[in-house]
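The chain contents come next:
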Amino acid sequence: MKQGLTALIIFFTFFFGNAQNNSIGANEKLVFTASYNMSGLMTDLAQLTMETSEVSAGSGTLLRLKCRAQTFKKWDNFFKINDLYESYVNKNSLNPYLHKREINEGGYYKFKQYKYNRKAGTAEALLKKKVKGEQDKYWSKKENLKLSNNTFDIVATIYKIRNLDIYKASVGDSDTFKVLFDNQVTPVRITLLGKESLNTEIGMKECYKLGISIVGSDVLKGNNSNLLWLTADANKIPVYAKFKVAVGNGELRIRSASGLKN
Amino acid sequence: MRVLLSILALLAALIGLILGILPFGGIAFIPLVIGILLVAMAYIAGRKTNASTRFLKIISTLIILGALLSIYRSVFDKNEVEQTEEIIEQEVESLEEAQEELKDLEIEN
């Protein structure tokens, strides 16, 4: 029984950790509108852009996964958000080597970086913040984190989910991903809830409907209130997402998609 | 009663006007509609005593102004992000720093 379980764990680790990339192209660009529920009305607040590109690094070429979130110009005078999330990953396995997160939100600045060492099972974490009261001065802190091989940052995880062979799964099947965020590893469960056709700005799309929950936490509220729709084709692009957290609820809608692999 | 309704209508009109100026879009219509209803109620309450409607007319003007501003913003305010040289430079710099961090990397197949 123990050997069987070990074999199963190795299988899933191998499967998830080293699945070939069949979904993510090298010049893909997805643009989304992020909206937040204010007094019962969904108000468009920001744009999220997810882009990929090939970059030379080390002994070869990596895939750069770049996600930028910016408030629309009309909101900038009230609360300006300009966040950049990046992961530099293996083109074939989508395993990350480096993750960077730079956030600028209403004057608050934070930079976070993880440099993975898969062989050693560690990641070097770097945190950088502004010195209080000083405009251009920063302080930084480094620490070493111990990680299992199938722990990834949030950007790499999103692209890994897109690379899953969802067509093989049945409704109700779920998978748990270990997501590294702010030096904490959080288990996130993705459950296949079914298939739905959605009318989007890029046309009518048949989609996989996925439920997202955080194991052992109520950060994401409600039962099946946090949902993600991926196109049910080889690209599996996210076209719609709904989320519900303590401070409210919102949604993400696709506006355009280009440079798709398939 | 009429005075209270008028004050509440004025408050609603001002909130609607402020929300109309700010980019809150359709949310401004919530206090504006409430304001219109309160104006109507204040007018009906004042009819019996032949009270002056000048104040209510001023409030109505504010409500119409707020509504026009909201409609204008909804039609003409585009959902656009700022694309500055600063942002492009940030991304180029970030890439260069990443390449520097990864210069000794042996990429697995």
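Residues numbered from 1 in each chain as written. Chains lettered and ligands numbered in written order. Predicted model: local features only at pLDDT ≥ 70, side-chain atom pairs only at ≥ 80, totals over all residues. Heavy atoms only, no water.

J.: Just to check I follow, could you spell out the interface of chain A and chain B for this structure?
T.: Accessible area lost upon the coming together of the parts is a frequently used measure of interface size. The partner chain B presents 28 residues to the 39 residues of chain A that form the contact. In this assembly, chain A packs against chain B so that about 3,200 Å² is buried in total across both faces, 54% of it on carbon and sulfur atoms. Among the residues of chain A in contact with chain B, Lys73(A), Lys74(A) and Tyr97(A) are the three that bury the most area, contributing 16% of the side total. Here chain A and chain B share six salt bridges between them. Close ionic contact of Lys73(A) with Glu80(B) constitutes a salt bridge, the shortest N to O distance being 3.7 Å. Considering every element that reaches the side of chain A that touches chain B, the biggest residue donor is strand E3 (residues 60-71) of chain A, with eight residues. Its residues placed into classes, the side of chain A that touches chain B shows 12 nonpolar, 14 polar and 13 charged. (Contact = heavy atoms within 4.5 Å. Buried area = accessible area lost by both parts, 1.4 Å probe. Salt bridge = Lys/Arg side-chain N within 4 Å of Asp/Glu carboxyl O. Helix = DSSP H or I, 4+ residues; strand = E, 2+ residues; numbered from the N terminus. Nonpolar A, V, L, I, M, F, W, Y, C, P; charged D, E, K, R; others polar.)

J.: I tried to follow the nonpolar core on my own but got confused; where do I start?
T.: Generally speaking, soluble globular proteins have nonpolar side chains that are buried together. Formed by 24 residues in total, the largest nonpolar core has its most connected members in Met50(A), Trp229(A) and Val239(A). When contributions to this core are tallied by element, the ones reaching two or more residues are strand E1 (29-38), strand E2 (41-57), E3, strand E4 (82-90), helix H3 (154-162), strand E13 (227-231) and strand E14 (238-245) of chain A. If we ignore the near neighbours within four places in the chain, the residues touching Met50(A) are Glu28(A), Lys29(A), Leu30(A), Phe32(A), Lys66(A), Cys67(A), Ile158(A) and Tyr159(A). With 17 residues, the next largest nonpolar core counts Ala9(B), Leu32(B), Ile63(B) and Val81(B) among its residues. (Core = buried A, V, L, I, M, F, W, Y, C linked by side-chain atoms within 4.5 Å. Buried < 20%, exposed > 50% of the residue type's maximum accessible area, 1.4 Å probe, protein only.)

J.: Looking at this model, I keep getting lost on the packing of aromatic side chains. Mind explaining?
T.: The geometry of an aromatic ring pair comes down to the distance between the two centres and the angle between the two planes. All names here are of chain A. All told, the structure shown has four aromatic pairs over all chains when counted by the stated rule. Each ring, one from Tyr109 and one from Tyr138, has its centre 5.2 Å from the other, and the planes form 65 degrees; the classification is edge-to-face. Taken as a pair, Tyr109 in strand E6 (residues 108-117) and Tyr138 in strand E8 (residues 138-146) lie far apart in primary sequence, 29 residues in all. Here Tyr109 falls in the buried class, since its relative accessible area comes to 8%. On the basis of an interplanar angle of 40 degrees and a centroid distance of 5.0 Å, the ring pair of Trp229 and Tyr240 is categorised as tilted. Pair noted here: Trp229 is in strand E13 and Tyr240 is in strand E14, with a separation of 11 residues, a long-range link. Pair check on accessibility: Trp229 and Tyr240 agree, each one buried. (Phe/Tyr/Trp six-rings, centres within 6.5 Å; stacked < 30°, edge-to-face > 60°.)

J.: Is there a simple way to explain the layout of surface pockets in this structure?
T.: If you roll a probe as big as a water molecule over the atoms, it shows you where there is empty space left. Estimates place the volume of the largest pocket at around 1,900 Å³. In terms of residue class, the lining of the largest pocket is made up of 35 nonpolar, six polar and eight charged. In this model, the second largest pocket occupies a volume close to 780 Å³. Glu102(A), Asn104(A), Tyr109(A), Glu86(B) and Gln90(B) are, among the 27 residues lining the second largest pocket, the residues nearest its centre. Elements with a minimum of two residues in the lining of the second largest pocket: strand E5 (96-105), E6 and strand E7 (122-130) of chain A together with helix H4 (85-101) of chain B. Counting residues per element, the lining of the second largest pocket draws most heavily on H4(B), at eight residues. Classifying every residue of the lining of the second largest pocket gives five nonpolar, nine polar and 13 charged. (1 Å grid on protein atoms, 1.4 Å probe; cavity = no way out; pocket = protein on both sides within 12 Å on 5 of 7 lines; lining within 4 Å. Points joined across faces, edges and corners; volume = space filled by probe spheres on them.)

J.: Which parts of the structure should I look at to understand the confidence of the model for chain A?
T.: Any segment with low pLDDT has predicted coordinates that should not be analysed in fine detail. Summary statistics for chain A give a mean pLDDT of 88 and a share of 90% for residues scoring 70 or more. Note that residues 1-17 of chain A has pLDDT below 50 and, in this model, 14 contacts with residues that lie over four places away or in other chains. (pLDDT = per-residue confidence, 0-100.)

J.: Is there a simple way to explain empty space enclosed by the protein in this structure?
T.: Taken as a whole and assessed by the stated rule, the structure comprises three cavities of 30 Å³ or more. Space inside the second largest cavity adds up to approximately 40 Å³. Residues belonging to the lining of the second largest cavity are distributed by class as follows: two nonpolar, three polar and three charged.

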